[in-house]
Every structure is written in C-alpha cells, then in structure tokens.
Amino acid sequence: MSRSSKKGPYIDERLMKKVLVAKNTGSKATIKTWSRACSITPEMVGLTFGVHNGKDHLPVYVSEAMVGHKLGEFSFTRKFRTHGGKMAKEQSKSSSSGSAPAAKPAAKPAAKKKK
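Note that this is a predicted model, so its numbers are computed, not measured.

Calculation criteria
Residues numbered from 1 in each chain as written. Predicted model: local features only at pLDDT ≥ 70, side-chain atom pairs only at ≥ 80, totals over all residues. Heavy atoms only, no water. Helix = DSSP H or I, 4+ residues; strand = E, 2+ residues; numbered from the N terminus. Buried < 20%, exposed > 50% of the residue type's maximum accessible area, 1.4 Å probe, protein only. Areas by Shrake-Rupley, 256 points an atom, 1.4 Å probe, with all protein chains shown as cover. Contact = heavy atoms within 4.5 Å. Core = buried A, V, L, I, M, F, W, Y, C linked by side-chain atoms within 4.5 Å. Pairing = 2+ DSSP bridges. Polar contact = N/O pair within 3.5 Å; in protein donor to acceptor, adjacent residues only side chain to side chain.

**Student:** Account for the overall build of the chain, with residues named and values stated.
**Tutor:** When its secondary structure is counted, the chain shows two helices and three strands. Each helix (α) and strand (β) of the chain, taken in turn from the N terminus, gives the series α-β-β-β-α. Relative to its 115 residues, the chain shows a buried fraction of 24%. For the chain, the exposed surface amounts to about 9,800 Å²; the carbon and sulfur share of it is 57%.

**Student:** Hey, could you go over the environment of phenylalanine 76 for me, with residue numbers and the actual values?
**Tutor:** As for its position among the elements, phenylalanine 76 is in the loop between strand E3 (57-61) and helix H2 (86-99). We classify phenylalanine 76 as exposed; its relative accessible area is 63%. Expressed as a C-alpha distance, the spacing of phenylalanine 76 and valine 51, which sit 25 residues apart in the sequence, is 9.5 Å. Those residues within four positions of phenylalanine 76 in sequence are excluded, and the remaining contacts are Asn53 and Leu58.

**Student:** So, the nonpolar core: which residues are in play, and what are the values?
**Tutor:** Leu15, Val19, Ile31, Met44, Phe49 and Leu71 are the most contacted members of the largest nonpolar core, which totals 15 residues. Secondary structure elements with two or more residues in this core: helix H1 (13-25) and strand E2 (48-52). Looking at which element gives the most residues to this core, the answer is H1, with four residues. With near-sequence residues (within four places) excluded, isoleucine 31 lies in contact with Leu15, Lys18, Val19, Ala22, Leu47, Thr48, Phe49 and Gly50.

**Student:** Summarise the pairing of E3; cite the residues concerned and give the values.
**Tutor:** Here E2 runs beside E3; their pairing, made up of five bridges, is antiparallel. Pairing of valine 51 across the sheet is with leucine 58, part of E3. Linkage of E2 to E3, two consecutive antiparallel strands, is achieved through a turn of four residues, within which glycine 54 is found at a positive phi near 110°.

**Student:** Break down the environment of threonine 41 for me, citing the residues and quoting the values.
**Tutor:** Note that threonine 41 resides in the loop between strand E1 (31-33) and E2. What makes threonine 41 buried here is its relative accessible area of 9%. Each C-alpha atom, one on threonine 41 and one on proline 9, is 9.0 Å from the other, the two residues being 32 residues apart in sequence. Filtering out sequence-adjacent residues up to four positions away, threonine 41 remains in contact with Ile11, Met16 and Val67. A distance of 3.0 Å separates the side chain of threonine 41 from the side chain of glutamate 43, its partner in a polar contact.

**Student:** I'd like a description of the side chain of serine 35, backed by residues and values.
**Tutor:** Considering the arrangement of structural elements, one finds serine 35 in the loop between E1 and E2. Relative accessible area serves as the criterion here: at 11%, serine 35 is assigned to the buried category. Discounting residues that sit within four places of it in the chain, serine 35 has contacts with Tyr10, Asp12 and Leu71.

**Student:** Before we move on, could you go through the pairing of E2 and cite the residues and values that matter?
**Tutor:** Most of E2 sits out of view: five of its five residues are buried. Here E2 shows two buried faces, one formed by Thr48, Gly50 and His52 and the other by Phe49 and Val51. Across three bridges, the pairing between E1 and E2 is parallel. Each bridged residue has a counterpart across the sheet, and for isoleucine 31 the counterpart in E2 is phenylalanine 49.

Right, here's the structure in full:
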C-alpha cells in the first residue's frame, strides 16, 4: 500500500542535508545511506548513492526517470544465479561440451555385410 498523499513522500532529513551539501559544493562522492525507503526527489538527480542491500553499499546513480521511486528499488537484496531444472543442466552441458575442441573424431560404425 502506498503512503497517504496527505502526508507526502517519505524523505530522510539527514539524507536531504547531505544531498543539498553535495549539490552546493559540486561533490561527486558517493553518499552512503541505509534509508532504502526514502523517496527519490528531483534534487537527487545526478548524484550517486551507496544504498545498503543488507551486506554492501551498492552504487546507484540517480537519473530523472527514477524520481518518485524508492532508493531500495535499485539496490537488490538477493543475488540471482540461474534457473534450475533438467533443461538448464542439459543446456549447460551442451554449451560447455560444444565449445571445447573434440579430442578424437567419432569412429564410423561397421558396415553390415549382405548375404
């Protein structure tokens, strides 16, 4: 459920102070934050934030298209590896064996004798 329009968007005050200082000084340093729920405002466009994902601070460069979204939407908390299953295993085997050079060509089967 979204936040009430009467309240307005959630913006962390300490983060906004850091944003204003970075804009006034022209600093391009990454601003570290743990506030994933903070909404992105137009003042944040052009800055890089280090958004905490539970383990590390992932760099997020804010563009105009991100305004109105939350900072946490751009810092994933889970690492995607691959989809599993039989088909994935077969495809990985065929791609790995297809790229490696064959050591010896396959022998032809013996021809059947006619009677």
